[in-house]
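Architecture at a glance
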Amino acid sequence: MTSIIRLQAFSGVHGESPPCYMLQLDEFRFLLDCGWTEDFDMTYIKELKKHVHQIDAVLLSYPDVFHLGCLPYLVGKCGLNCPIYATVPVYKMGQMFMYDLYQSHHNSEDFQMFTLDDVDAAFDKIIQLKYSQSVNLRGKGHGLQVTPLAAGHMLGGTIWRIMKEGEEDIVYAVDYNHKKERHLNGWALETFSRPSLLITDAFNATYVQARRRLRDEQLMTNILQTMRASGNVLVAVDTAGRVLELAHLLDQMFRSKESGLTAYSLALLNNVSYNVVEFAKSQVEWMSDKIMRGFEDNRNNPFQFRHLQLCHSMAELAKIPEPKVVLCSVPDLQCGFSRELFLNWCTQSQNCIILTNRTSPGTLARWLIDNPSAKTVKLEVKKRVRLEGTELEEYMKQEKEKEAEAQRLKAEQGKNDLEDESSDESETEMEVDMQYQGKVKHDLMVNTEGKTRAGFFKQAKKSYPMFPYIEEKIKWDEYGEIIRPEDFMILETEKGEEETQEKEVPEEVEMQDISEMPTKCISTSRTLDLQARVIYIDFEGRSDGESIKKILNQVKPRELIIVHGSTEATESLAEYCRTTPGLVQGGNVFTPRIHEIVDATKDSHIYQVRLRDSVVSRLRFAKARDVELAWIDGVLDLSKAKTDTSAMHEREEGELVEKTTGDEKDDDVIDLQPTLLPLPSYKVPGHKSVFINEPKLSDFKQVLIRAGIQAEFSGGVLLCNGAVAVKKTETGRVQLEGCIGDDYYKVRELLYDQYAII
């Protein structure tokens, strides 16, 4: 490769933190995923914020929080403004993930990391793609092409291939699944062959996975035992990713009379369950071949559930008869309905808690997986409750003050609008207004004394005094007359009516949703006895360690960067790749650390320099096929080191500022780049002409014929007009032989035209 390739890891290396990497390809910078932890850790976000202004494009692999969780924060709070590429399901399901995440936290705490408006703004920037749909980048990315390919794991899951014109490709593949599942195809392995650089993960490099049939049997057995013991089953799943596989599996189980589950209830509980299922119904073409055939032949949609009931609140779930199996978000049990149900059900021995995902260390679900014999757990319980008593009175008082202020501002605005409208009236109306100005005394009758008749002709009608009235100009838009809400406000009721309404208020308050009532958030600490059975069944949908090694043996990348995995798993996979003959050409296997910049440039003598305008103006370009080339003579100036690719750094107030070269302490952090200055003409050394773009003799023959010269091959030599011979030597050089004359010079001129000569 003749490009500069660097990778900087902000997160997701030598650990289980979410993936987030910046890939530099010459001047263009990609952000590969931008996940966030369950507790919204700001450690790596602070470093990422410094580089937001450098990012030229974002590539998203999967729709879950682990791969795009901080996207709303980057767009809404950090000002990320660049194209974001993702497949159609990642766009749709990613929104569902972020809506559910926001609502889950908002229902129990004052969540300020991002808003729903930030989510909408972030997803509005996404450019939706289909599998194998190539996109040619523009601007700094001219010559680059990105292509999404199927990765399995989740609906719309993507392996990204980045190609540069005339060069090899870079493949970014993390968390993929090569196996076919019920609703997804696996990774299309045959589409890759010896990529120049492969960026992959080692999350499951040392993990031994049970067979799918055994996992399905374990799930069904535990559910059946719990149902027969009159207990409830909580299955902790994500919002719109792996939940589709489990929902499809369980709905099939409940359909079968042989399973013995038809008498029990099955529910899906999250804040966007209806939308998730509707989106899944409309994206059958992104699913497995089996589902596609069933839909095309019989119009069978697997997500037209028969037994699965959709719920959006605990009140709706309470209406479903017990015993029941509940699929609810989120998988880490840190917030949302899954945490609330865990608090309610974990103290009852007949219930069962099934965990389907190894979430990040420090979460409740991961603690339960790592401590299967624990009998008690101490948790912080957060709730949102209605305001009462003096707090409610104070809140209502503040709301009334805000409303009064808003009405005052609105009245002033209306008055200003009225003045603006009056200025648009005709001159005649303005004369009438001026006639009454300063004379009207706020009485019904207008004093006509001292009024002189204007005009030459005598008035036929008698003039009567009238109360001064200015007709309001009606505003219109494309939908008709603009409605003013204040014209339709209900007046305050009398005291007698208020007393009767006060008695009815408590009943109305009971029926209102808590989101419509003034509330506050409280937090308490509770110690719970773990009586319910807690089981971990792997439904993550990732390739296991043995399969990862086989895949790498087939792909055979020329260079390899290993990310996202514990230090043990990363080093184990790296050692395997280095010691396996022929797996990685040259043994270039990188295992970067946090914030470390890996230089994966294959050619060592490639540098970037800045050109002065005086240098560029002297260049004489020669065209060779699709590129233009020029010879340049100059001298490097290392004092002009600051480039526009420097990072942004935060002041104490949080304002982002660009780091200056005067800061001697941090000079080593700045990306230095020399400047090429023009060389004085008397110092410019001469050079031999360089011929670029070696032509083929068969193509040159056609050029000669079009120029009216007779040309034919004889023993591998191209004879021109029987007087000039053009042939290639064993070393590949082109020789021109013949008698000096018009034919010779004409053939030589045409031959030179086939080259870019610099």
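A brief structural summary. (Residues numbered from 1 in each chain as written. Predicted model: local features only at pLDDT ≥ 70, side-chain atom pairs only at ≥ 80, totals over all residues. Heavy atoms only, no water.)

Remarks on the overall build of the chain
From N to C terminus, the chain includes 20 helices and 37 strands. Going through the 758 residues of the chain one by one, you find that 43% of them count as buried. Partitioning the intrachain contacts of the chain with sequence separation of at least 6 by distance along the chain shows that 73% fall at a separation of at least 24. Counting every atom, the chain has about 42,600 Å² of accessible surface; 49% of that belongs to carbon and sulfur. (Helix = DSSP H or I, 4+ residues; strand = E, 2+ residues; numbered from the N terminus. Buried < 20%, exposed > 50% of the residue type's maximum accessible area, 1.4 Å probe, protein only. Contact = heavy atoms within 4.5 Å. Areas by Shrake-Rupley, 256 points an atom, 1.4 Å probe, with all protein chains shown as cover.)

Quick look at a nonpolar patch on the surface
On the surface, Val-609, Leu-611, Val-616, Ile-632, Leu-636 and Leu-638 cluster together into a nonpolar patch covering about 500 Å² of accessible area. Take Val-609: it is sitting in the loop between strand S24 (597-599) and strand S25 (610-611). (Patch = residues over 30% accessible without salt bridge, like charges linked within 9 Å, V, L, I, M, F, W, Y side chains within 5 Å. Salt bridge = Lys/Arg side-chain N within 4 Å of Asp/Glu carboxyl O.)

Observations concerning the packing of aromatic side chains
Using the criterion set out here, one finds 13 aromatic pairs in the structure. On the basis of an interplanar angle of 70 degrees and a centroid distance of 6.2 Å, the ring pair of Tyr-21 and Tyr-172 is categorised as edge-to-face. One end of the pair, Tyr-21, is in strand S2 (residues 20-25); the other, Tyr-172, is in strand S10 (residues 169-173), and 151 residues separate them in sequence. Of the residues examined, Tyr-21 reaches a relative accessible area of 0% and is grouped as buried. Among the residues examined, Tyr-172 registers a relative accessible area of 2% and is labelled buried. When the centroid spacing of 4.5 Å and the interplanar angle of 55 degrees are considered together, the rings of Tyr-176 and Trp-187 count as tilted. (Phe/Tyr/Trp six-rings, centres within 6.5 Å; stacked < 30°, edge-to-face > 60°.)

Topic: the pairing of strand S13 (residues 265-269)
Of all 5 residues that make up S13, 5 are buried, and the element is covered over most of its length. The two faces of S13 match: Ser-265, Ala-267 and Leu-269 on one face and Leu-266 and Leu-268 on the other face are all buried. Pairing of S13 with strand S15 (residues 324-328) involves 5 bridges; the strand directions are parallel. Residue pairing in the sheet places Ser-265 in a bridge with Lys-324 of S15. As paired strands, S13 and strand S14 (residues 308-311) are joined by 4 bridges and run parallel to one another. Within S14, the position partnered with Leu-269 by the bridge is Cys-311. (Pairing = 2+ DSSP bridges.)

Focus on helix H20 (residues 742-753)
With 12 residues, H20 extends 17 Å between its outermost C-alpha atoms, agreeing within 8% with the 16 Å of an ideal straight helix rising 1.5 Å per residue. Looking only at H20, the buried set comprises Tyr-744, Val-747, Leu-750 and Leu-751. Projected down its long axis, H20 carries its buried residues within an arc of 135 degrees, all on one side. Facing away from the buried side of H20, by more than 90 degrees, are the exposed residues Asp-742, Glu-749 and Asp-753. Lining the buried residues of H20 we find helix H19 (697-706), strand S34 (717-720), strand S35 (724-728) and strand S36 (734-738). (Expected span 1.5 Å × (residues − 1). Arc of directions from axis to C-beta.)

What about the packing of helix H6 (residues 212-228) against helix H7 (residues 243-255)?
Where H6 meets H7, the axes come as close as 12 Å, and the angle between the chain directions of the two elements is 60 degrees. Put simply, H6 runs oblique to H7. By crossing handedness, the relation of H6 to H7 is classed as right-handed. Contacts between H6 and H7 involve Asp-216, Leu-219, Met-220 and Ile-223 from the first element and Leu-246, Leu-249, Leu-250 and Met-253 from the second. By residue class, the composition of the contact of H6 with H7 is 7 nonpolar, no polar and 1 charged. (Axes fitted to C-alpha atoms, helices over the stretch in contact; angles between N-to-C directions. Parallel < 35°, antiparallel > 145°, perpendicular 65-115°, else oblique. Left-handed = near helix turned anticlockwise from the far one by under 90°. Nonpolar A, V, L, I, M, F, W, Y, C, P; charged D, E, K, R; others polar.)

Details of the sheet that holds S14
Taken together, 6 strands build an open sheet; the order of strands is S14-S13-S15-S12-S16-S21 and the sheet is parallel. In this open sheet, the two edge strands, each paired with only one partner strand, are S14 and strand S21 (533-536). Direction aside, the axes of adjacent strands within the sheet are offset by 20 degrees on average. Across 4 bridges, the pairing between strand S16 (residues 352-355) and S21 is parallel. Residue pairing for S21: Ile-353 is matched across the bridge by Val-534.

Quick notes on the pattern of salt bridges
The full count for this structure, using the stated rule, is 24 salt bridges. A salt bridge links Asp-169 to Arg-161, with the shortest nitrogen-to-oxygen separation between them at 3.2 Å. Judged by relative accessible area, Arg-161 falls into the buried class, the value being 17%. Across the pair Glu-278 and Lys-281 runs a salt bridge whose closest N-O atoms are separated by 3.2 Å. Placement of both Glu-278 and Lys-281 in helix H8 (residues 273-281) is noted, with a separation of 3 residues, approximately one turn of the helix.

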